[in-house]
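Residue-level listing of the chains:
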Amino acid sequence: MSRGFFITFEGLDGSGKSTQLAGLKAWLEARGESVTATRQPGGTHIGDGIRGLLLDSRTHDLSPLAELGLMFADRAQSIAEVIGPALERGDVVLCDRFTDSTEAYQGGGRQLGSRIVLDLHARLCGGLQPDLTFLLLPNLQRALQRARRRNARSDAEGSPGANENRFEREDQAFYRRVLNKYREIAARESGRVAVIEGDGSIDEVREQIAKLTEKRLRLRASHEKGRP
Ligand code: ADP
Ligand code: TYD
């Protein structure tokens, strides 16, 4: 596959992923890069339907394995329809969550383990790996509070009954397991995953992310020059 550059954003709900993704998109576009931005679950017509089902707090009794299957159904569609073609075109692709989320939430949070997630990833996603992943790790309580506040705001603005709160209703123990699994992934894949710890301001984090991205893009350009 002739490749662009694939960057994913990971972290707990409310950790600032979408804010930082938008910031990096603007920064890359100002440098003249062609950018495709998407998110999971969602980002395709089929994926938006799956997202509704997965996140709506009115979805009861979804088994952990069914949840896992839906995350991968969404991802396979996103790769076929959005991510794959954009990488073929040579775009920088920015994705809000990818398979690390499934490993952290379903593997860790739901206690299905990493193995099944990595196996499904190999089979259903062709093992596609991001070139770079930003894992945002602000204080756990603060991040969850921010996500709840944001969702309460959008509930007040949106249609009655429809909301995206199903995961935010999980308890602290669930989020601790998610966080531990994220740390395990970061340690295992330290060449890919850049961990951004702490409670820096939006601008401080944005600057860190831009600097690292610039470094990685420069490295990629020098490798490409070296190719026959
Ligand atoms: P996520 O996509 O990870 O769920 P968001 O980017 O939607 O997180 O951020 C959740 C809320 O927190 C938003 O209201 C956003 O403005 C705010 N926020 C994001 N990053 C920071 C930060 N570094 N400091 C303070 N507030 C932040
Ligand atoms: P998202 O919209 O990114 O939520 P937030 O902006 O609050 O971080 O993701 C929705 C929820 O879906 C989030 O709670 C994490 C969960 N999720 C999984 O459990 N597994 C996955 O594979 C993905 C992509 C998301």
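Before any of the text, the structure's been laid out above.
Residues numbered from 1 in each chain as written. Chains lettered and ligands numbered in written order. Predicted model: local features only at pLDDT ≥ 70, side-chain atom pairs only at ≥ 80, totals over all residues. Heavy atoms only, no water.

Please explain the site of ligand 1 as it appears in this structure.
If you check the shell around ligand 1, you find 14 residues, and the closest are G14, K17, S18, T19 and R150. Between an oxygen atom of ligand 1 and a side-chain N or O atom of R146, the distance comes to 3.1 Å. A distance of 3.5 Å is found between a nitrogen atom of ligand 1 and a backbone nitrogen or oxygen belonging to I202. About the coverage of ligand 1: the protein hides 76% of its 560 Å² of free accessible area. Tallied by class, residues from the shell around ligand 1 come to two nonpolar, seven polar and five charged. (Near = heavy atom within 4 Å. Polar contact = N/O pair within 3.5 Å; in protein donor to acceptor, adjacent residues only side chain to side chain. Areas by Shrake-Rupley, 256 points an atom, 1.4 Å probe, with all protein chains shown as cover. Nonpolar A, V, L, I, M, F, W, Y, C, P; charged D, E, K, R; others polar.)

Please clarify how the packing of aromatic side chains should be interpreted in this entry.
Each pair of aromatic rings is reported with the distance of its centres and the angle of its planes. Summed over all chains, the structure comprises seven aromatic pairs. Here the aromatic rings of Y105 and Y175 are separated by 6.4 Å at their centres, their planes lie at 90°, and the arrangement is edge-to-face. Of the two residues, Y105 is situated in helix α4 (residues 99-109) and Y175 in helix α7 (residues 172-188); the sequence distance between them amounts to 70 residues. Residues Y105 and Y175 agree in their burial class; the two are buried. Taking the centre distance of 6.4 Å and the plane angle of 85° together, the rings of Y105 and Y182 count as edge-to-face. With a gap of 77 residues between them, Y105 in helix α4 and Y182 in helix α7 connect regions that are remote in the sequence. The same class applies to Y105 and to Y182, which are both buried. (Phe/Tyr/Trp six-rings, centres within 6.5 Å; stacked < 30°, edge-to-face > 60°. Helix = DSSP H or I, 4+ residues; strand = E, 2+ residues; numbered from the N terminus. Buried < 20%, exposed > 50% of the residue type's maximum accessible area, 1.4 Å probe, protein only.)

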